[in-house]
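Architecture and fold: a report
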Amino acid sequence: MVSDVDQRSTRDRPSGDGPATRRHTDQGLERKQQLLDAAEALFASGGYGPTRIADICETAGVAKGLFYWYFENKESLFAELVRSVRQQLRRAQAAAMDDDADPVTRLRQGTEASVRFMAEHGRFFALLEVERHDQRVAAVLRESGDVYVQDAARLVKEAQTAGLIPDEHDPTLLAIGVLGAVAQFSHYHRTGRLKMSIDELATFVGQWTIQALAAVPSPAPSLPAR
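Criteria and cut-off values
- Residues numbered from 1 in each chain as written.
- Predicted model: local features only at pLDDT ≥ 70, side-chain atom pairs only at ≥ 80, totals over all residues.
- Heavy atoms only, no water.
- Helix = DSSP H or I, 4+ residues; strand = E, 2+ residues; numbered from the N terminus.
- Buried < 20%, exposed > 50% of the residue type's maximum accessible area, 1.4 Å probe, protein only.
- Contact = heavy atoms within 4.5 Å.
- Salt bridge = Lys/Arg side-chain N within 4 Å of Asp/Glu carboxyl O.
- Expected span 1.5 Å × (residues − 1).
- Polar contact = N/O pair within 3.5 Å; in protein donor to acceptor, adjacent residues only side chain to side chain.
- Core = buried A, V, L, I, M, F, W, Y, C linked by side-chain atoms within 4.5 Å.
- Phe/Tyr/Trp six-rings, centres within 6.5 Å; stacked < 30°, edge-to-face > 60°.
- Lys NZ or Arg CZ within 6 Å of the ring centre and 35° of its normal.
- Axes fitted to C-alpha atoms, helices over the stretch in contact; angles between N-to-C directions.
- Left-handed = near helix turned anticlockwise from the far one by under 90°.
- Nonpolar A, V, L, I, M, F, W, Y, C, P; charged D, E, K, R; others polar.

Moving on to the overall build of the chain. Of regular secondary structure, the chain possesses 9 helices and 0 strands. Reading the chain from its N terminus to its C terminus gives the helix and strand order α-α-α-α-α-α-α-α-α. Relative to its 226 residues, the chain shows a buried fraction of 42%. A separation threshold of at least 6 residues defines the contact pool for the chain, and within that pool the share at least 24 residues apart is 71%.

To continue, consider the pattern of salt bridges. Scanning the entire structure with this criterion turns up 10 salt bridges. Arg86 is paired through a salt bridge with Glu143; the nearest N and O atoms lie 3.3 Å apart. Of this pair, Arg86 sits in helix H4 (residues 74-96) while Glu143 sits in helix H7 (residues 135-161), placing them 57 residues apart in sequence. In terms of burial, Arg86 and Glu143 fall into one category: buried. In this structure, Asp199 and Arg116 form a salt bridge, with 3.0 Å as the shortest nitrogen-oxygen distance.

Let's shift gears to H4. In this model H4 runs 33 Å from its N-terminal to its C-terminal C-alpha over 23 residues, within 8% of the 33 Å that 1.5 Å per residue would give. Every buried residue of H4 is accounted for by Lys74, Leu77, Phe78, Ala79, Leu81, Val82, Val85, Arg86, Gln87, Leu89, Arg90 and Gln93. Measuring from the side-chain oxygen of the N-cap residue of H4 to the backbone nitrogen of Glu75 gives 3.2 Å; that N-cap residue is Asn73.

Here we take up the environment of Val156. In this structure, Val156 sits in helix H7. Residue Val156 is classed as buried on the basis of its relative accessible area, which comes to 0%. Counting along the chain gives 57 residues from Val156 to Leu213, while the straight-line C-alpha distance between them is 8.8 Å. Residues in contact with Val156, not counting those within four places in the same chain, are Leu107, Ile165, Pro171 and Leu174.

Assignment of secondary structure puts Asp37 in helix H1 (residues 26-46). Considering only alpha carbons, one finds Asp37 and Thr59, 22 residues apart in sequence, at a separation of 9.3 Å.

Here we come to the nonpolar core. Ranked by size, the top nonpolar core spans 54 residues in total, and within it Leu35, Phe43, Ile56, Leu77 and Phe78 carry the most contacts. Apart from residues lying up to four places away in sequence, Phe43 is in contact with Tyr48, Thr51, Ile56, Lys74, Leu77, Phe78, Leu81 and Leu127.

Let us now look at the packing of aromatic side chains. Evaluated as defined, the whole model comprises 9 aromatic pairs. An angle of 80 degrees between the planes, with centres 6.3 Å apart, marks the rings of Phe117 and Phe125 as edge-to-face. When its relative accessible area of 5% is taken as the criterion, Phe117 is described as buried. One aromatic cluster in this structure is built from Phe43, Tyr48 and Phe78. Directly above the aromatic system of Tyr48 lies the positively charged group of Lys74, at a separation of 4.4 Å from the ring centroid. Here the guanidinium or amino end of Arg193 rests over the ring plane of Tyr188, the centre of that ring lying 4.1 Å away.

Running from N to C, helix H5 (residues 103-120) and helix H8 (residues 171-190) cross one another at 35 degrees; their axes reach a closest spacing of 10 Å. The chirality of how H5 crosses H8 is right-handed. Side by side, H5 and H8 meet where Thr111, Ser114, Val115 and Met118 of the first sit next to Val178, Val182, Ala183, Ser186 and Arg190 of the second. Residues that form the contact of H5 with H8 fall into these classes: 5 nonpolar, 3 polar and 1 charged.

So this is what it looks like as structure tokens:
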């Protein structure tokens, strides 16, 4: 979760020379988005591996030669797609948070927004579940996971500092739990194993997460050495 997604993580900024650093006209950005949208649909329906660049270009209505103006290869397109969805999620979280609310409330609001966003982009997150073991895409997925954890950990730390949740545990550890809850509840809903509306689920996960953080146990004392 973030409080200001306009201050982008350095991980969201391209570096070096090549397609990632080129400035595009409005028409160019539209073409690039067409490629990303086509790729997302094809990856979701046919898988990352079998989908060819030629298939993406044909679906997007873009000449194959133009593809390489925007992307170095299929892997870089996939990375851009993941980062694009990541930014959309962070914006959705930020839009849902009340800037004047306490950090626990903002954490709950961001959690609820995350559940709703994952439902709205169900095909994309289903794709990530299938492809996460592919070494070609694993690195970019780990990168996004780290960003999500850092965002949540900042709010957890703020809540601990304010005395709203116990501070015996590392904020990053608790943030991993928050994201795990969002991911698992969303997965069960997406696969039809939770029969409830997405609004009901979002409210439940938000409340469940905050209650879990408030009730987190203190670390167990170390046993004496024998």
